[in-house]
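Each chain, written out:
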Protein chains: 2
Amino acid sequence: MRMSERGLLLVVSGPSGSGKTTVLTRLMQDRDDVFFSVSSTTRTPRPGERDGTDYNFVCAEKFEEELDAGHFLEWAEFAGNLYGTPAAPVLEAINLGKVVILDIEVRGALQVKEKYPDAVLIYLWTGSFEELERRLRRRGTEREEVLRRRLEIAMEEYKAIGEYKYKVLNYEVEEACRALNSIIVAERCLIK
Amino acid sequence: MRMSERGLLLVVSGPSGSGKTTVLTRLMQDRDDVFFSVSSTTRTPRPGERDGTDYNFVCAEKFEEELDAGHFLEWAEFAGNLYGTPAAPVLEAINLGKVVILDIEVRGALQVKEKYPDAVLIYLWTGSFEELERRLRRRGTEREEVLRRRLEIAMEEYKAIGEYKYKVLNYEVEEACRALNSIIVAERCLIK
């Protein structure tokens, strides 16, 4: 009698220090319908990283072949390495009614939105740049110039927030998770 | 530190038999930020009804004066009596960050949307007309022709569902309430 649930693509961005990894890990523990996408990359595996789980490790030729064939939902270069999100497994999971979560930065998110307009863009946010700075300092693992650079990137990225649909404040992990779960429920109730 | 919550106007419609009253009563019990609007009407009070609580009971002249002055978010005539939703208390409650809930039928909902485009229109639904008929029969309080008429009205109203933003399936009161609560959280996270 019950219709199967609608598949969704959530694209979650947020500055370094927003607590995104913690929140998304918790969300994945809470739900049994979440599909986390495995990115492809040309960089060499670090010790302990497994091919197909942490990343699909591919050579540059293979990556560019996939890129030219339009097989990536989004891609980017960081520190001379290429990273991309393969489209096929994502679209397949959506069709199966899964909640696909992509944890990517703003430029990647905008690429996804262009390729897949139904994508739901969510920005995880600390409430203010002052609070972001406090959290980065609390971590205490970064030199001043690295911290400054992270804040600059955050300010730059924040300008694109108008392209996002939702802003989730992460004052507290439980509450941020509750907001993400609420967004999933609400999006599934949307009349399209 | 925490920003105050954003006020919302939820307009909830649903056919007779959808369980709307039960769901909205439960929602009101669950939340302390809900504001239920009191309608104005020209009909005479029934025994036990209190002026200002169940309705604002007004004479036809007073009602028409308010109507002409544009003081109603929506209005309608039923069985020769006029009913209207006063705009001022609703807008005031929204400004105070409350969740205002209007329990009105489809035509009224569309009037509200025209006057206040930020209104969030939600249709409470049984999943199918067959299920709606089953529920109406289970109540067993109505003659066949009244039941037929209710189903006809439901089918007619359902044509306007494209004007609604959300459809909440009411298979189970708790779950429907959870969906409404999720919609409230998600709407407050929307970037506008």
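About the thresholds
Within each chain, residue numbers correspond to sequence positions counted from 1 in written order. In the order they appear in the text, chains get letters beginning with A and ligands get numbers beginning with 1. Local features in this predicted model are restricted to residues whose pLDDT is 70 or higher, and side-chain atom pairs enter the listing and the counts only when it is 80 or higher, whereas totals over whole chains, interfaces and linings include all residues. Only heavy atoms go into the side-chain values, all of them from the structure, while hydrogens and water stay out. Helix and strand assignments come from DSSP, with helices taken as H or I runs of at least 4 residues and strands as E runs of at least 2, each series counted from the N terminus. Between the two quantities, the radius of gyration covers C-alpha atoms and the globule rule is 2.2 Å times the number of residues to the power 0.38. Remark: exposure states derive from per-residue accessible area (1.4 Å probe, protein chains only) relative to the maximum for the residue type, with buried under 20%, exposed over 50%, and partly exposed in between. Note on contacts: a residue pair qualifies if any of its non-hydrogen atoms lie within 4.5 Å across the two residues. Only the protein chains shown count as cover for residues, with accessible areas throughout obtained via the Shrake-Rupley method and a probe of 1.4 Å. Two residue types count as positive, namely Lys and Arg, and two as negative, namely Asp and Glu; His and chain ends fall outside the count. One atom stands in for each charge, and that atom is NZ of Lys, CZ of Arg, CG of Asp or CD of Glu. By the convention used here, strands pair only if DSSP detects at least 2 bridges between them. Orientation is described by lines fitted to C-alpha atoms, with helices fitted over the stretch in contact, and by angles between N-to-C directions that extend from 0 to 180 degrees. Buried surface area refers to the total accessible area, computed with a probe of radius 1.4 Å, that the two partners give up upon joining, counted for both partners together. Any carboxyl oxygen of Asp or Glu that lies within 4 Å of a side-chain nitrogen of Lys or Arg is treated as forming a salt bridge with it. Polar contact is defined as a pair of N or O atoms within 3.5 Å, subject to the rule that within protein one atom must be able to donate a hydrogen and the other to accept it, and that residues adjacent in sequence are counted only when both atoms are side-chain atoms. Polar here means any residue outside two lists: the nonpolar Ala, Val, Leu, Ile, Met, Phe, Trp, Tyr, Cys and Pro, and the charged Asp, Glu, Lys and Arg; Gly therefore counts as polar. For this classification, under 35 degrees means roughly parallel, over 145 means roughly antiparallel, 65 to 115 means roughly perpendicular, and everything else is oblique. Throughout, a crossing is termed right-handed when the near helix is turned clockwise from the far one, and left-handed when it is turned anticlockwise from it by less than a right angle.

**Here we look at the overall build of chain A**
Here's step 1: A count of helices and strands for chain A gives seven helices and nine strands.
Here's step 2: Over its C-alpha atoms chain A spans a radius of gyration of 17 Å, differing by no more than 12% from the 16 Å that the globule rule assigns to 192 residues.
Here's step 3: The buried share of chain A, reckoned over its 192 residues, is 45%.
Here's step 4: If you take every contact in chain A between residues at least 6 apart in sequence, the share linking residues at least 24 apart comes to 66%.
Here's step 5: Only carbon and sulfur atoms are counted for the fraction: they give 50% of the accessible area of chain A, which is about 10200 Å².
Here's step 6: Chain A carries 28 positive and 33 negative side-chain charges, and their two centres are separated by 5 Å.

**As for the sheet that holds strand β6 (residues 81–86) of chain B**
Residues and elements named next belong to chain B.
Here's step 1: With respect to topology, four strands assemble into an open sheet ordered β4-β3-β6-β5, the strand pairing being mixed. Where the open sheet ends on each side, the last strands, each with one partner, are β4 (56–57) and β5 (72–78).
Here's step 2: Set on the sheet, helix α2 (residues 60–68) makes contact with β3 (40–41), β5 and β6; between it and β5 the angle comes to about 140 degrees.

**Things to note about the interface of chain B and chain A**
Here's step 1: Facing 21 residues of chain B, the contacting portion of chain A comprises 21 residues.
Here's step 2: Summing the contributions of chain B and of chain A, the shared interface buries around 2000 Å²; its carbon and sulfur component is 69%.
Here's step 3: Along the contact surface separating chain B from chain A lie zero salt bridges.
Here's step 4: Taken together, chain B and chain A are joined by four residue pairs in polar contact (both at pLDDT 80 or more).
Here's step 5: Counting residues per element, the ones that place at least two in the side of chain B that touches chain A are β9 (166–169) and α7 (173–189) of chain B.
Here's step 6: Take the side of chain B that touches chain A: its biggest share by element is seven residues, from α7 of chain B.
Here's step 7: Of the residues that constitute the side of chain B that touches chain A, the class distribution is 15 nonpolar, one polar and five charged.

**Thoughts on the environment of Leu180 of chain A**
Residues and elements named next belong to chain A.
Here's step 1: Along the chain, the position of Leu180 falls in helix α7 (residues 173–189).
Here's step 2: Taking the relative accessible area as the measure of exposure, Leu180 reaches 1% and is therefore buried.
Here's step 3: Along the primary structure Leu180 and Tyr166 are separated by 14 residues, whereas in three dimensions their C-alpha atoms are 9.5 Å apart.
Here's step 4: With residues near it in sequence (within four places) discarded, Leu180 still touches Val23, Leu24, Leu27, Ile122 and Val168.

**Concerning the sheet that holds strand β6 (residues 81–86) of chain A**
All names here are of chain A.
Here's step 1: On the basis of which strands lie adjacent, the open sheet formed by four strands has the order β4-β3-β6-β5 and mixed pairing. Sheet topology places β4 (56–57) and β5 (72–78) at the edges, where each strand pairs with a single neighbour.
Here's step 2: Relative to β6, strand β3 (residues 40–41) runs antiparallel, the two sharing two bridges. Note on β6: the bridge partner recorded for Ser40 is Gly84.
Here's step 3: Across the sheet, helix α2 (residues 60–68) touches β3, β5 and β6, and the angle it forms with β5 is around 140 degrees.
Here's step 4: Across the face of the sheet, helix α3 (residues 87–95) comes into contact with β5 and β6 while running at roughly 25 degrees to β6.

**Focus on the packing of helix α5 (residues 129–139) of chain B against helix α6 (residues 144–158) of chain B**
Residue and element names in this part refer to chain B.
Here's step 1: Packing of α5 against α6 leaves a shortest axis separation of 11 Å and a crossing angle of 150 degrees. Considering the angle they form, α5 stands roughly antiparallel to α6. The hand of the α5/α6 crossing is right-handed. Touching Phe129, Leu132, Glu133, Leu136, Arg137 and Arg139 of α5 are Glu144, Leu147, Arg148, Arg150, Leu151, Ala154, Met155 and Tyr158, all from α6.
Here's step 2: The residue inventory of the contact of α5 with α6, partitioned by class, reads eight nonpolar, no polar and six charged.

**Observations regarding unusual backbone geometry**
Here's step 1: A positive phi angle, near 50 degrees, is found at Ala79 of chain A, a position not held by glycine.
Here's step 2: Inspection of the secondary structure puts Ala79 of chain A in the loop between β5 and β6.

Just geometry here; none of it tells us what the structure is for.
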